[in-house]
Amino acid sequence: MRKISLILVGTVLMTACVSKKKYVALEHENGEVKSALAKTQFEKEELESKFAKIEARVEAYNSKINALTEENDVKMEAVGDVAVISNETKKHMRNTLTKVDQGKLSQATTLKDSMNLAVSYNLQKSLDTSSLNEDEDIAIDIDETVVMISISDKLLFDTASYRVSSKANNILQKLANVINSEPSIEVMVEGHTDARSISTEKIADNWDLSVLRATSVVRALQNKYNVAPEKLIASGRSSYLPVAGNDTKEDRSKNRRTRIVILPNINKFFALMASND
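Residues numbered from 1 in each chain as written. Predicted model: local features only at pLDDT ≥ 70, side-chain atom pairs only at ≥ 80, totals over all residues. Heavy atoms only, no water.

- If you look the chain up in an unreviewed UniProt entry, it shows as OmpA family protein from Mariniflexile gromovii.

**Here we look at the nonpolar core**
Thinking step 1. I149, L172, L221, I260 and I262 are the most contacted members of the largest nonpolar core, which has 36 residues in total.
Thinking step 2. Mapped onto this core, the elements with two or more residues apiece are α2 (87–97), α4 (111–127), β3 (138–143), β4 (146–152), α5 (169–180), β5 (186–192), α6 (206–223) and β7 (257–263).
Thinking step 3. Sequence-distant contacts of L221, defined by excluding residues within four places in its chain, comprise L172, L175, A176, I179, V189, N226, V227 and L232. (Core = buried A, V, L, I, M, F, W, Y, C linked by side-chain atoms within 4.5 Å. Buried < 20%, exposed > 50% of the residue type's maximum accessible area, 1.4 Å probe, protein only. Helix = DSSP H or I, 4+ residues; strand = E, 2+ residues; numbered from the N terminus. Contact = heavy atoms within 4.5 Å.)

**Thoughts on α5**
Thinking step 1. Here α5 spans 16 Å end to end across 12 residues, near enough to the 16 Å set by a 1.5 Å rise per residue.
Thinking step 2. Inspection of α5 places I171, L172, K174, L175, A176, V178 and I179 among the buried residues, and these make up the whole buried set. (Expected span 1.5 Å × (residues − 1).)

**Thoughts on α6**
Thinking step 1. Counted at 1.5 Å a residue, the expected span for α6 with its 18 residues is 26 Å, and the 25 Å between its end C-alpha atoms agrees.
Thinking step 2. Those residues of α6 lying buried are N206, L209, S210, R213, A214, T215, S216, V217, V218, A220 and L221.
Thinking step 3. On the buried face of α6, the contacting elements are α5, β5, β6 (232–236) and β7.
Thinking step 4. At the N-terminal boundary of α6, the capping side chain belongs to D205, with an oxygen 3.1 Å from the backbone nitrogen of W207. (Polar contact = N/O pair within 3.5 Å; in protein donor to acceptor, adjacent residues only side chain to side chain.)

**A look at the packing of α5 against α6**
Thinking step 1. One way to put it is that α5 packs onto α6 with a least axis distance of 10 Å and a crossing angle of 65°. By the angle class used here, α5 and α6 are roughly perpendicular. Two packed elements cross with a definite hand, and for α5 against α6 that hand is right-handed. On α6, the residues that touch L172, L175, A176 and I179 of α5 are V217, A220 and L221.
Thinking step 2. Grouping the constituent residues of the contact of α5 with α6 by class yields seven nonpolar, no polar and no charged. (Axes fitted to C-alpha atoms, helices over the stretch in contact; angles between N-to-C directions. Parallel < 35°, antiparallel > 145°, perpendicular 65-115°, else oblique. Left-handed = near helix turned anticlockwise from the far one by under 90°. Nonpolar A, V, L, I, M, F, W, Y, C, P; charged D, E, K, R; others polar.)

**Structural notes on the pairing of β7**
Thinking step 1. Summarising burial for β7: six of the seven residues are buried, a large majority.
Thinking step 2. For β5 and β7, the ladder comprises seven bridges, and the chain directions are antiparallel. Bridge pairing in β7 links V187 to I262. (Pairing = 2+ DSSP bridges.)

Given below as structure tokens:
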């Protein structure tokens with residue numbers, strides 16, 4: 001009986017020893033896991049800190065690049081004696097020039113020529129002059145710092161009259177749309193006559209006729225097409241700025257014209273035209 005008791009006590013002691021060893025081993029292993037986890041957490045936080053610094057540097061570089069790009073876009077460049085334009089405007093011009101007749105484009109040898117073509121194309125597109133005879137009924141050009149649209153009098157007035165005819169409604173409506181679309185645009189309307197003298201009860205001479213025709217167009221733009229009057233200027237040049245001789249009927253017809261002188265901010269004008277594409 002005593003022998004059996006000793007065997008049981010020994011077995012219990014051995015089992016207790018084994019369990020304690022396993023516990024110590026597991027505790028040691030647990031400590032190592034916690035240590036490894038703490039190390040991993042530290043490394044993670046360190047990497048996150050480095051990544052945040054890298055992100056901040058990248059963002060700073062991007063900001064500098066964007067600032068340089070914006071500065072480059074708005075950097076102004078003189079175009080001969082015509083205007084001063086930005087690089088962003090030149091981008092709009094290049095886009096426009098891809099649509100211009102290649103025959104005309106091949107003759108453009110300077111930036112001034114290219115701007116002339118681009119502005120003419122955009123205005124003709126806005127005014128929709130497809131039904132008119134270019135260089136006869138209507139012509140668009142840049143001179144000095146302004147955009148000029150010359151419209152033959154047969155599109156605006158009846159013969160020897162200064163009252164705007166109904167056939168002018170279409171072209172004046174489109175012209176008003178261009179003027180009203182940009183607050184910075186101002187417009188001077190110039191009346192021109194041929195060299196034949198005129199004298200009636202209501203019209204004293206060619207000076208009178210040229211001014212009366214200009215004021216008639218200005219009134220139509222203001223009263224019928226809602227152009228702000230402070231944007232309009234009326235003037236007359238009589239017969240003293242001809243574009244052709246006065247010896248033939250055809251040449252006299254060319255000299256009888258109304259010139260619409262648009263005074264735009266060229267950069268705003270191209271931005272406007274680009275937004276209409």
